[in-house]
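Coordinate analysis (summary)
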Amino acid sequence: MKPKSFAYVRPDSVEEAVDLLAQHGEDARIIAGGQSLMAMLNLRLVEPSILVDISQLKELSEIGVRDGAVEVGASVTQARLLAWPELKARAPFIALALPWVGHFQTRNRGTVCGSIAHADPSSELPLSLRLLGGEVVLRSKKGSRKVKAEAFQQGLLTTARRPDELITAVRFPVGVGAEGAGFREVARRHGDFAIVAVGAVKVAGSIRVAVGGVADRPGLLELPAGGSEAERRQAIEDFAWELGGYDDIHASARYRRDLVRRLAPIIISEAA
Ligand SMILES: Cc1cc2nc3c(=O)[nH]c(=O)nc-3n(C[C@H](O)[C@H](O)[C@H](O)COP(=O)(O)OP(=O)(O)OC[C@H]3O[C@@H](n4cnc5c(N)ncnc54)[C@H](O)[C@@H]3O)c2cc1C
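Residues numbered from 1 in each chain as written. Predicted model: local features only at pLDDT ≥ 70, side-chain atom pairs only at ≥ 80, totals over all residues. Heavy atoms only, no water.

1. Here we look at the overall build of the protein chain
- When helices and strands are counted, the protein chain shows 11 helices and 14 strands.
- Over its C-alpha trace the protein chain gives a radius of gyration of 19 Å, about what one expects of a compact globule, namely 19 Å for 272 residues.
- Taken along the three principal axes of its C-alpha coordinates, the protein chain extends 60 × 40 × 30 Å.
- When burial is assessed residue by residue, the protein chain has 51% of its 272 residues classed as buried.
- Within the protein chain, contacts between residues separated by at least 24 positions form 60% of all contacts whose residues are at least 6 apart in sequence.
- When the accessible surface of the protein chain is totalled, it reaches about 12900 Å², and 49% of it is carbon and sulfur.
- Placing the 35 positive and 33 negative side-chain charges of the protein chain at their respective mean positions leaves the two points 3 Å apart. (Helix = DSSP H or I, 4+ residues; strand = E, 2+ residues; numbered from the N terminus. Rg over C-alpha atoms; globule rule 2.2 N^0.38 Å. Buried < 20%, exposed > 50% of the residue type's maximum accessible area, 1.4 Å probe, protein only. Contact = heavy atoms within 4.5 Å. Areas by Shrake-Rupley, 256 points an atom, 1.4 Å probe, with all protein chains shown as cover. Lys, Arg positive; Asp, Glu negative; His and termini not counted. Charge placed at Lys NZ, Arg CZ, Asp CG, Glu CD.)

2. Concerning the packing of helix α10 (residues 229-243) against helix α11 (residues 253-271)
- α11 packs onto α10 with a crossing angle of 140° between their chain directions and a minimal axis gap of 9 Å. Judged by the angle between their axes, α10 and α11 are oblique. Relative to α11, α10 is oriented so that their crossing is right-handed. Across the interface between the two elements, Arg232, Arg233, Ile236, Glu237, Ala240, Trp241 and Leu243 from α10 touch Arg257, Val260, Arg261, Ala264, Pro265 and Ile268 from α11. (Axes fitted to C-alpha atoms, helices over the stretch in contact; angles between N-to-C directions. Parallel < 35°, antiparallel > 145°, perpendicular 65-115°, else oblique. Left-handed = near helix turned anticlockwise from the far one by under 90°.)

3. A closer look at helix α8 (residues 124-132)
- For α8, the buried fraction is high: eight of the nine residues fall into the buried class.
- All of the buried residues along α8 are Glu124, Leu125, Pro126, Leu127, Ser128, Leu129, Leu131 and Leu132.
- Gly133 sits one or two residues past α8 and shows a positive phi near 70°.

4. Some words on the UniProt feature "domain: FAD-binding PCMH-type" (unreviewed entry) in the protein chain
- The UniProt record annotates "domain: FAD-binding PCMH-type" (unreviewed entry) at residues 1-177.
- Within the segment residues 1-177, helix and strand shares are 32% and 25% respectively, and the terminal C-alpha atoms sit 43 Å apart. (UniProt positions renumbered as here; feature names shortened; annotations may be inferred.)

5. Structural notes on the packing of aromatic side chains
- This model, assessed by the stated rule, comprises two aromatic pairs.
- Their ring planes at 80° and their centres at 5.9 Å tell us that Phe93 and Phe183 sit as a pair that is edge-to-face. Here Phe93 is found in helix α5 (residues 92-97), whereas its partner Phe183 is found in strand β11 (residues 181-186), with 90 residues between them in sequence.
- Residue classification places Phe183 among the buried residues on the basis of a relative accessible area of 6%.
- Residues Trp100 and Phe183 carry aromatic rings whose centres are separated by 5.9 Å and whose planes lie at 65° to one another, so their mutual orientation is edge-to-face. Pair noted here: Trp100 is in the loop between α5 and α6 (104-107) and Phe183 is in strand β11, with a separation of 83 residues, a long-range link.
- Linked through ring pairs, Phe93, Trp100 and Phe183 together constitute an aromatic cluster.
- Over the aromatic face of Tyr246 sits the side chain of Arg256, whose NZ or CZ is 4.2 Å from the ring centroid. (Phe/Tyr/Trp six-rings, centres within 6.5 Å; stacked < 30°, edge-to-face > 60°. Lys NZ or Arg CZ within 6 Å of the ring centre and 35° of its normal.)

Put into structure tokens, the structure is as follows:
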């Protein structure tokens with residue numbers, strides 16, 4: 001199928017981009033890497049009247065450390081973040097999870113912020129943001145605001161972003177995962193979306209575990225680092241049931257919960 005016709009604008013500044021969003025509201029869509037949006041347009045799952053292309057905006061192209069977080073601008077591709085020389089030292093968990101996002105071809109165009117904006121429950125980057133306790137920076141004509149990861153993703157492809165807001169950056173707290181981190185996912189082939197993905201980090205006396213692909217958004221479990229094996233198993237069991245799960249052509253809800261039970265203990269011991 002072909003997309004419905006639309007106008008295409010490449011603004012020269014963030015100000016111009018948010019002006020366009022204010023003007024067109026729900027009829028406008030931001031396009032960043034186009035790795036998810038192009039498919040949605042072709043399938044006519046979305047039919048915007050105007051696309052606002054932010055991929056070339058210099059203002060949004062920075063990766064840096066600001067106020068205790070690695071801040072990644074909205075036009076930074078996944079490949080650029082992966083090649084950032086400070087990534088392992090500053091955000092070790094992202095260094096583990098990012099190679100699992102698609103293929104190098106899709107990472108060359110797909111942006112970090114685009115993946116978080118898209119909010120696929122199986123995606124590695126929304127899971128990472130939740131696990132690390134990051135936040136999303138949004139801007140509209142009315143001003144800027146920051147939204148914490150736990151409040152940002154609200155369900156399948158649904159976020160707290162308002163139609164007139166542009167995500168200008170995402171922020172991952174510096175050093176979370178430096179004490180220990182693990183990540184693993186099960187997919188039909190490497191580069192496919194995860195059926196289930198599990199990440200864990202050790203943070204001052206506790207182990208934080210995040211799971212993607214089971215519920216409609218990444219779920220989070222916090223465990224005391226020193227708990228017994230039996231307590232840990234029970235907590236994972238309860239967590240798997242809490243996440244629920246869904247059946248689709250790839251896997252049943254039951255299989256997804258079983259993957260959580262099997263992967264979580266491995267990843268927790270890697271992080272610990
Ligand atoms: C073959 C293939 C395999 C893939 N495998 C994986 C995988 O294993 N894991 C995974 O996580 N992803 C995977 N993806 C998706 C890929 O990671 C996308 O790049 C990513 O989901 C979206 O980023 P993008 O920059 O391409 O965004 P786009 O496709 O341009 O946009 C996606 C959505 O986010 C919105 N958006 C984008 N940027 C902003 C912004 N700054 N402000 C507000 N809204 C914004 C758009 O309006 C759109 O609704 C795969 C894609 C392909 C084609």
